[in-house]
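Examining the three-dimensional arrangement
One-letter residues, chain by chain:
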Amino acid sequence: MKKAIVVGATSGIGRGLALLLARNGYDVCVTGRRESLLDELLKELPGNPISRRMDVTDADASIAVFNEIVAEMGRVDLVVISAGTGFIDPELPWDNDRQTIETNVTGFTALANAAWHQFMRQESGHLVGISSIAAERGGGAAA
């Protein structure tokens, strides 16, 4: 059976992909910051899904959680990184920018790196990164 980890599965595309993968025979581990939403999602997922709380803004802790998940699952065939954030605020407060960088850049890169190393050890695997078109299309504030 194929095994997948979906990072950022508490809402949006990540949640939808977790459901789709589980319904198509994957063993799925879902991660996210909001444990109550992970608990709700687990009730909807077929099979034997697992969940772990993960806040990608803490890159080192996220890598540790990722490695624990892989150890529990035995291997992973697919990693989907769908955690992301963004703010529309023309005042461009630094706290918002910092959170965006910690999530969309540092957190993403840390988990992509951890997945790559796992796939190299296994000699196989697929990495999917969900992103935004904000840099292409723009909006009311800087992308």
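For the structure, check the block above.
Our subject in this report is the structure included herewith. Computed from a predicted model, the values in this text were never measured in an experiment. (Residues numbered from 1 in each chain as written. Predicted model: local features only at pLDDT ≥ 70, side-chain atom pairs only at ≥ 80, totals over all residues. Heavy atoms only, no water.)

1. Here we look at the environment of Leu38
Heads up, the rule is: For helices the rule is a DSSP run of H or I covering at least 4 residues; for strands it is a run of E covering at least 2, with both sets numbered from the N terminus onward. When checking whether two residues touch, look at their non-hydrogen atoms; a contact exists if any pair is within 4.5 Å.
On the secondary structure map, Leu38 appears in helix α2 (residues 35-44). Put simply, Leu38 and Ile50 are twelve residues apart on the chain and 9.3 Å apart in space, counted from C-alpha to C-alpha. Those residues in contact with Leu38, other than ones at most four positions away along the chain, are Thr10, Val30, Thr31, Gly32, Ser51, Arg52 and Arg53.

2. Let's talk about the sheet that holds strand β3 (residues 50-53)
Put simply, the rule reads: Note on pairing: two strands pair once DSSP finds at least 2 bridges between them. For helices, the axis comes from a line fit to the C-alpha atoms of the stretch in contact; other axes are also lines fit to C-alpha atoms, and the angle between any two N-to-C directions lies between 0 and 180 degrees.
With parallel pairing, the five strands of this open sheet are ordered in space as β3-β2-β1-β4-β5. Each edge of the sheet is formed by a strand with only one pairing partner; in this case those strands are β3 and β5 (126-129). The sheet shows a mean angle of 15° between the axes of neighbouring strands, taken without regard to direction. Judged from the four bridges that link them, strand β2 (residues 27-32) and β3 form a sheet pairing that is parallel. Of the residues in β3, the one forming a bridge with Gly32 is Arg53. Contacts from α2 reach β2 and β3 within the one sheet, and its direction differs from that of β3 by about 175°.

3. Regarding unusual backbone geometry
Note the threshold: Here the term buried applies to any residue with accessible area under 20% of the maximum for its type, exposed to any over 50%, and partly exposed to those in between, with areas from a 1.4 Å probe on protein chains only.
With a phi close to 50°, Leu92 is a non-glycine residue in the positive phi region. Inspection of the secondary structure puts Leu92 in the loop between β4 (78-81) and α4 (94-122). Even without glycine at this site, Glu123 takes up a positive phi of about 65°. Within the secondary structure, Glu123 sits in the loop between α4 and β5. The exposed category is assigned to Glu123, whose relative accessible area is 73%.

4. Observations concerning helix α1 (residues 12-23)
For clarity, the cut-off: Every helix has an expected span of 1.5 Å times one less than the residues it contains. What the arc covers is the set of directions going from the helix axis to the C-beta atoms.
Between its first and last C-alpha, α1 extends 17 Å over twelve residues, near the 16 Å set by a 1.5 Å rise per residue. For α1, the complete set of buried residues consists of Gly14, Ala18, Leu19, Leu21 and Ala22. The arc enclosing the buried residues of α1, seen along the axis, measures out at 165°, which places them on a common side. For α1, exposure combined with an orientation more than 90 degrees from the buried face picks out Gly12, Ile13, Leu20 and Arg23. Contacts made by the buried residues of α1 are with β1 (3-7), β2, α2 and β4. Backbone geometry just downstream of α1 places Gly25 in the positive-phi region, at approximately 95°.

5. Remarks on α4
If you check α4, its first and last C-alpha atoms are 40 Å apart, about what 29 residues at 1.5 Å a residue would give, namely 42 Å. Every buried residue of α4 is listed here: Asn96, Thr103, Gly107, Ala110, Leu111, Ala112, Ala114, Ala115, Gln118, Phe119 and Gln122. Check the buried side of α4 and you find it contacts β1, α3 (59-73), β4 and β5. Phi turns positive, to about 65°, at Glu123, one or two residues after α4.

6. Quick look at the pairing of β4
Let me state the cut-off plainly: Clockwise travel from the first strand over the helix to the second, with the strands pointing away from the viewer, marks a crossover as right-handed.
What you see with β4 is no split at all: Leu78 and Val80 on one side and Val79 and Ile81 on the other are buried throughout. Alignment of β1 against β4, held across four bridges, turns out to be parallel. Bridging from a neighbouring strand, Ala4 pairs with Leu78 of β4. In terms of strand pairing, β4 meets β5 through four bridges, oriented parallel. What sits directly across from Leu78, in β5, is His126. Crossover handedness for the path β4 to α4 to β5: right-handed.

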